[in-house]
Amino acid sequence: MTILIAYDGSDDARAAVEYAARHVRPEPAVVMTVWEPLLSQIGWGPLAAATPVVAEPEPGDKFEEERQAERLARQGADLAVAGGLADVATRAERGGGPVWAAIVDVAEELDASLVVTGSRGLAGARSVILGSVSTRVLHHAGRPVLVVPPPKGED
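So, here's what we can say about the structure. Just so it is clear, the model here is predicted, and its values are computed rather than measured. (Residues numbered from 1 in each chain as written. Predicted model: local features only at pLDDT ≥ 70, side-chain atom pairs only at ≥ 80, totals over all residues. Heavy atoms only, no water.)

### Details of the overall build of the protein chain
Line of reasoning, step 1. Within the protein chain, the regular secondary structure consists of six helices and five strands.
Line of reasoning, step 2. Looking at the protein chain residue by residue over its 155 residues, the buried ones come to 37%.
Line of reasoning, step 3. Accessible area of the protein chain: about 8,600 Å², with a carbon and sulfur share of 55%. (Helix = DSSP H or I, 4+ residues; strand = E, 2+ residues; numbered from the N terminus. Buried < 20%, exposed > 50% of the residue type's maximum accessible area, 1.4 Å probe, protein only. Areas by Shrake-Rupley, 256 points an atom, 1.4 Å probe, with all protein chains shown as cover.)

Spelled out as structure tokens, the structure:
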């Protein structure tokens, strides 16, 4: 089985990776970051009208957002390894809808034995409108989900 760890670079995501690395039974893990092209991210908001259209990259090239997601996933995997997990892969997943749905889909694809997420992330205004990612994963994953609260001393 595989542990799927959602990581977006936030302090809460960092705490979730570190907690999982210290407390779950060692088994293969995948640290996943969900990304979207910038235009898709802001297309739902009023800023879309003021944003220039970004062309699709040439075949073989990547969106900058994908490269950033790959770096974030690698950062999360490095945290997991430093915390004690040994067999850690990374995944940068292009979201075509809500972030929580991408996490749930990948958990299903991997037949993850556990999904780990922080309680808050970088979704910002979207999470206010759509609900928190961790809450949606918890209710839709159909498998065990570990939601790690913020480190002590935070709100």
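Having seen the model, we can carry on.
### Points about the nonpolar core
Line of reasoning, step 1. Of all hydrophobic cores here, the largest spans 19 residues; its most connected members are Ile-3, Ile-5, Leu-85, Val-88 and Val-116.
Line of reasoning, step 2. Looking at this core, the elements with two or more residues in it are β1 (3-6), α1 (11-23), β2 (29-35), α3 (64-83) and β4 (114-118).
Line of reasoning, step 3. Listed in part, the 16 residues of the second largest apolar core include Ala-101, Val-106, Val-115 and Val-137. (Core = buried A, V, L, I, M, F, W, Y, C linked by side-chain atoms within 4.5 Å.)

### A few points about the packing of helix α4 (residues 99-110) against helix α6 (residues 133-140)
Line of reasoning, step 1. For the pair α4 and α6, interaxial distance at closest approach is 9 Å and the crossing angle is 40°. As the angle between them shows, α4 and α6 are arranged oblique. Pair α4 / α6 crosses with right-handed handedness. The residues of α6 that touch α4, namely those facing Val-99, Trp-100, Ile-103 and Val-104, are Val-133, Arg-136, Val-137 and His-140. (Axes fitted to C-alpha atoms, helices over the stretch in contact; angles between N-to-C directions. Parallel < 35°, antiparallel > 145°, perpendicular 65-115°, else oblique. Left-handed = near helix turned anticlockwise from the far one by under 90°. Contact = heavy atoms within 4.5 Å.)

### What to know about the pairing of β4
Line of reasoning, step 1. The buried fraction of β4 is high, at five of five residues.
Line of reasoning, step 2. Here β4 shows a buried face lined by Leu-114, Val-116 and Gly-118 and a second buried face lined by Val-115 and Thr-117.
Line of reasoning, step 3. Relative to β4, β1 runs parallel, the two sharing three bridges. For Ile-3, the partnering residue across the bridge sits in β4 and is Leu-114.
Line of reasoning, step 4. Sheet topology note: the β4/strand β5 (residues 145-148) ladder contains four bridges and is parallel. Paired with Thr-117 across the strands is Val-147, a residue of β5. (Pairing = 2+ DSSP bridges.)

### A few points about the sheet that holds β4
Line of reasoning, step 1. Strand order across the open sheet formed by five strands is β3-β2-β1-β4-β5, with parallel pairing between neighbours. Each edge of the open sheet carries a strand with a single partner, namely β3 (88-94) and β5. On average, adjacent strands in this sheet sit at an angle of 20° to one another, irrespective of strand direction.
Line of reasoning, step 2. Bridge analysis of β1 against β2 gives four bridges, and the strand direction is parallel. Paired with Leu-4 across the strands is Val-30, a residue of β2.
Line of reasoning, step 3. Contacts from α3 reach β2 and β3, with the element oriented near 155° to β3.

### Comments concerning the pattern of salt bridges
Line of reasoning, step 1. With the rule as written, the count across this model stands at nine salt bridges.
Line of reasoning, step 2. In this structure, the salt-bridge partner of Asp-78 is Arg-74, at a minimum N-O distance of 3.2 Å. Linking Asp-78 with Arg-74, this pair stays in helix α3, spanning four residues, or about one helical turn.
Line of reasoning, step 3. Judged by relative accessible area, Asp-78 falls into the partly exposed class, the value being 43%. (Salt bridge = Lys/Arg side-chain N within 4 Å of Asp/Glu carboxyl O.)

### Comments concerning the environment of Arg-136
Line of reasoning, step 1. Its place among the elements puts Arg-136 in helix α6.
Line of reasoning, step 2. It is 9.0 Å that separates the C-alpha atoms of Arg-136 and Val-104, two residues lying 32 residues apart in sequence.

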